[in-house]
Amino acid sequence: MRTEFPWRNLKGLALAGAAMLALGAGGASAQPANGGPPTATGPGGPPPGGQAPSQGFSPFAPPPPPPMSPAQKLAAALPPPQPGGSLPLPVLAAGSPMPNANPRDLQGTWFHNQNLEFRMQRDMYGAPAPYNMDGVKVLARRVQSLKDGKPYTNASAICRPPGPEWQHDLNMPFQIFQSKDWIEFVFEEYHGRWHVILNPAKAPRPAQKDYMGYSVGHWDGNTLVVETSDFKQAPWLDVDGTPLSAKGKLIQRIRKVDNGDQAPFIEVITTIVDPTYYTRPWSVVRTFGWQPSLTVFNEYNCEEQIGDPSVSADAGLLPEPKD
Amino acid sequence: MIKSRPRHCAVLAGVLVAAGLAASAAAQAATPNLEGVWKIATPTKTLKPVKGTVPFTEEGRKQYDENKRLQAKGDYDDYDITLTRCNSPGTPRLMLTPERFKIWQRFGVLTFDFEWNRALRQINASNLPPKDDFMGAGLVPTMTGTSKGHWEGNTLVAETTNISDRTLLDDLVPHTLDMKVTEHIRLLDHNTLQDRITIEDPAYFTRPWDAVVTYKRQPAALFAEDVCLDRLQAHQPAFPSQ
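Residues numbered from 1 in each chain as written. Chains lettered and ligands numbered in written order. Predicted model: local features only at pLDDT ≥ 70, side-chain atom pairs only at ≥ 80, totals over all residues. Heavy atoms only, no water.

### Brief notes about the overall build of chain B
Within chain B, the secondary structure is distributed over four helices and nine strands. Listing the helices and strands of chain B from first to last along the sequence gives α-β-α-α-β-β-β-β-β-β-β-β-α. Counting over 242 residues, chain B shows a buried share of 49%. The long-range fraction of contacts in chain B, counting pairs at least 24 apart against all pairs at least 6 apart in sequence, stands at 60%. By element, 55% of the accessible surface of chain B is carried by carbon and sulfur atoms, the whole surface being about 11800 Å². (Helix = DSSP H or I, 4+ residues; strand = E, 2+ residues; numbered from the N terminus. Buried < 20%, exposed > 50% of the residue type's maximum accessible area, 1.4 Å probe, protein only. Contact = heavy atoms within 4.5 Å. Areas by Shrake-Rupley, 256 points an atom, 1.4 Å probe, with all protein chains shown as cover.)

This is how it looks when you write it as structure tokens:
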């Protein structure tokens with residue numbers, strides 16, 4: 001059984017572009033497709049051990065995966081997400097401008113160089129996402145609503161800022177502008193903004209909470225570490241509705257990688273910290289390639305459809321039940 | 001000894017950051033730098049001709065009068081979907097928004113980053129190769145149109161076409177799909193930016209006509225998250241300060 005993506009049939013769909021990207025299924029996704037057993041522990045990785053070695057034990061084989069929790073088993077039994085695709089990446093033209101050599105200067109235009117992932121099922125090591133029972137209940141409800149063709153309202157679908165994870169996860173380019181006090185991410189999608197405050201004295205926490213939360217960053221070596229919290233409402237982490245509670249926190253570790261192969265990229269490791277829905281913090285990784293040729297964005301004007309007073313303000317989506 | 005190492009690293013990294021950012025700015029020194037935070041000097045809803053009145057053709061006058069009639073009736077969605085839907089005001093109306101905007105210059109592309117509803121417009125004065133257009137997006141008129149720019153001395157000259165006729169020039173004046181907007185954007189002094197806007201649209205105007213809008217430099221700032229649709233949902237106006 002496969003999860004259909006019914007929103008493509010809805011008038012006023014803010015995610016038409018994302019649905020189209022799904023057509024090019026196949027290829028590697030952002031996370032391991034079936035996520036073999038984790039081979040290492042680390043941020044968000046599973047604890048080692050838990051099972052006796054099998055008869056064919058080899059000291060060079062990866063350890064067996066830990067047993068799944070009841071919540072993880074429920075998540076694994078859900079209809080699989082729509083396979084994500086991506087548009088062909090533009091070839092970097094000869095003589096193209098390149099990123100600044102300073103590893104702490106992230107400025108420029110960047111574009112997702114992995115397939116769109118509709119649902120984060122596994123962490124960056126391939127282990128199943130550590131749902132607790134409340135978390136898998138929310139996910140299952142959302143997946144079922146998609147399957148039934150009656151998806152729930154969420155910020156993205158009604159042309160509101162979708163939160164920092166979903167905002168950068170869809171396959172649309174963004175620019176980074178940087179000063180000593182803050183870093184501004186400007187996205188084509190939703191004409192979105194994500195502000196990372198380096199100097200909170202210059203940009204204090206606003207009185208009203210924002211859809212994108214409040215993000216404070218600092219440099220750890222050449223990695224920008226950003227902690228985002230204080231969300232106006234609980235954001236969805238992806239298209240299928242992997243949940244984050246409004247009290248949840250995202251920790252993003254962002255670094256520029258330039259191996260001298262004319263293919264620089266930035267890596268973003270996001271650690272999801274949310275005891276409301278998960279048994280432990282867990283991490284996903286995304287990479288974004290250098291694409292100056294995408295500096296001129298396509299116009300993204302979802303308001304024209306979503307704001308149409310002759311149609312429902314919720315784009316025909318259903319309100320999600322409260323827990 | 002061990003404790004001091006991170007401090008040295010931090011100092012070194014700080015120097016590198018400063019050097020890198022300075023290098024970025026230097027790389028753009030060949031063209032005038034319009035970057036900064038700007039705000040319209042005299043807020044107005046009207047794109048006022050420099051001389052006389054808007055030179056409507058008969059057809060243009062008819063549509064303008066119809067817009068006035070709809071405005072008086074309160075049928076805003078029938079002529080101005082910015083007010084009713086938070087649709088992008090487009091080019092050139094975005095340049096009349098009463099809130100601040102930022103200009104960024106990267107790779108020859110000028111990105112206008114508006115405080116109002118996080119709106120964007122861009123002027124491509126670069127030598128970047130054209131983008132692939134798998135979806136045929138370039139065939140569809142957009143609110144901000146397609147803006148190509150070049151520099152004439154210290155003046156950015158931008159020509160914009162392919163602007164959707166669902167936008168207005170200001171709060172009332174209509175245009176057709178064939179409109180061309182030519183802007184001459186330059187610094188009058190370090191703190192004053194001027195945009196001379198020339199409108200050409202033979203179906204609605206008997207001749208090209210000019211308007212001049214000026215902006216004052218503002219202190220560097222992060223803009224608060226502005227979501228126009230939330231205002232409409234709360235039965236507030238799309239433009240909070242008008």
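So that's the structure; there's more coming.
### Description of the nonpolar core
Grouped together as the largest cluster of nonpolar side chains are 55 residues, with contacts concentrated most on L47, F101, F112, I199 and F205 of chain B. Counting residues per element, this core draws most heavily on strand β9 (residues 209–218) of chain B, which supplies four residues. A75, V136, V143 and Y278 of chain A belong to the second largest nonpolar core, which has 19 residues in total. (Core = buried A, V, L, I, M, F, W, Y, C linked by side-chain atoms within 4.5 Å.)

### Details of the side chain of T192 of chain B
Counting through the fold element by element, T192 of chain B comes out in strand β8 (residues 192–200). For T192 of chain B, the contacting residues outside a window of four places in its chain are W38, R186, L187, Y215 and K216 of chain B.

### Overview of the interface of chain A and chain B
Across the contact, 52 residues belong to chain A and 48 residues belong to chain B. Between chain A and chain B lies a buried interface of about 4200 Å² when both sides are counted; carbon and sulfur atoms form 59% of it. In this structure, the connection of chain A to chain B is made through six salt bridges. For the salt bridge of R166 of chain B with E304 of chain A, the shortest nitrogen-to-oxygen distance reads 2.7 Å. Counting across the interface, chain A meets chain B through 27 residue pairs in polar contact (both at pLDDT 80 or more). Breaking the side of chain A that touches chain B down by element, the ones donating at least two residues are β1 (108–112), β2 (174–178), β3 (182–187), β4 (193–197) and α5 (303–306) of chain A. If one sorts the elements of the side of chain A that touches chain B by residue count, β3 of chain A sits on top with four residues. Here the residues of the side of chain A that touches chain B are counted per class, giving 25 nonpolar, 15 polar and 12 charged. (Buried area = accessible area lost by both parts, 1.4 Å probe. Salt bridge = Lys/Arg side-chain N within 4 Å of Asp/Glu carboxyl O. Polar contact = N/O pair within 3.5 Å; in protein donor to acceptor, adjacent residues only side chain to side chain. Nonpolar A, V, L, I, M, F, W, Y, C, P; charged D, E, K, R; others polar.)

### Observations regarding the pattern of salt bridges
Residues and elements named next belong to chain A. Per the stated rule, a full pass over the model turns up 28 salt bridges over all chains. Linking E320 and R142 is a salt bridge whose minimum nitrogen-to-oxygen distance equals 2.8 Å. Separated by 178 residues along the polypeptide, E320 in the segment after α5 and R142 in helix α3 (residues 133–147) bring together distant segments of the chain. Accessibility classification places E320 together with R142 in one group, the buried group.

### A few points about the packing of aromatic side chains
A full pass over the atoms with the stated rule returns 20 aromatic pairs over all chains. Ring centres of W110 of chain A and W290 of chain A lie 5.0 Å apart, and the angle between their planes is 70 degrees; on these two criteria the pair is classed as edge-to-face. With W110 of chain A in strand β1 and W290 of chain A in strand β9 (residues 282–290), the pair connects residues that are 180 residues apart, well separated along the chain. On the numbers, 4.0 Å between centres and 5 degrees between planes, the contact of F177 of chain A with W104 of chain B is stacked. Residue F177 of chain A is found in strand β2, and its partner W104 of chain B is found in strand β2 (residues 101–106); the two belong to separate chains. Of the two residues examined, F177 of chain A and W104 of chain B, each falls in the buried class. (Phe/Tyr/Trp six-rings, centres within 6.5 Å; stacked < 30°, edge-to-face > 60°.)

### Examining α3 of chain A
All names here are of chain A. Here α3 contains 15 residues, and its C-alpha end-to-end distance of 21 Å stays within 8% of the 21 Å for a straight helix at 1.5 Å per residue. Three or more residues of α3 are buried, namely G135, V136, V138, L139, R141, R142, V143, S145 and L146. Those residues of α3 hidden inside the fold are in contact with α2 (70–76). At the N-terminal end of α3, a side-chain oxygen is found 3.0 Å from the backbone nitrogen of D134, two or three residues along, and the residue is N132. Within two residues after α3, G149 carries a phi angle of roughly 75 degrees, on the positive side. (Expected span 1.5 Å × (residues − 1).)

### Observations concerning the confidence of the model for chain A
Chain-level pLDDT for chain A is 83 on average; 82% of the residues reach the 70-or-more range. Note on residues 1–54 of chain A: pLDDT under 50 across the span, and 132 contacts to partners over four residues away in sequence or across chains. (pLDDT = per-residue confidence, 0-100.)

### A look at the sheet that holds strand β6 (residues 223–229) of chain A
Residues and elements named next belong to chain A. Strand order in this closed barrel of nine strands is β1-β2-β3-β4-β5-β6-β7-β8-β9, and the pairing throughout is mixed. Neighbouring strand axes in the sheet, compared pairwise and without regard to direction, differ in orientation by 30 degrees on average. Pairing geometry for β2 and β3, over five bridges, is antiparallel. Along β3, the bridge assignment pairs F177 with E184. (Pairing = 2+ DSSP bridges. Axes fitted to C-alpha atoms, helices over the stretch in contact; angles between N-to-C directions.)

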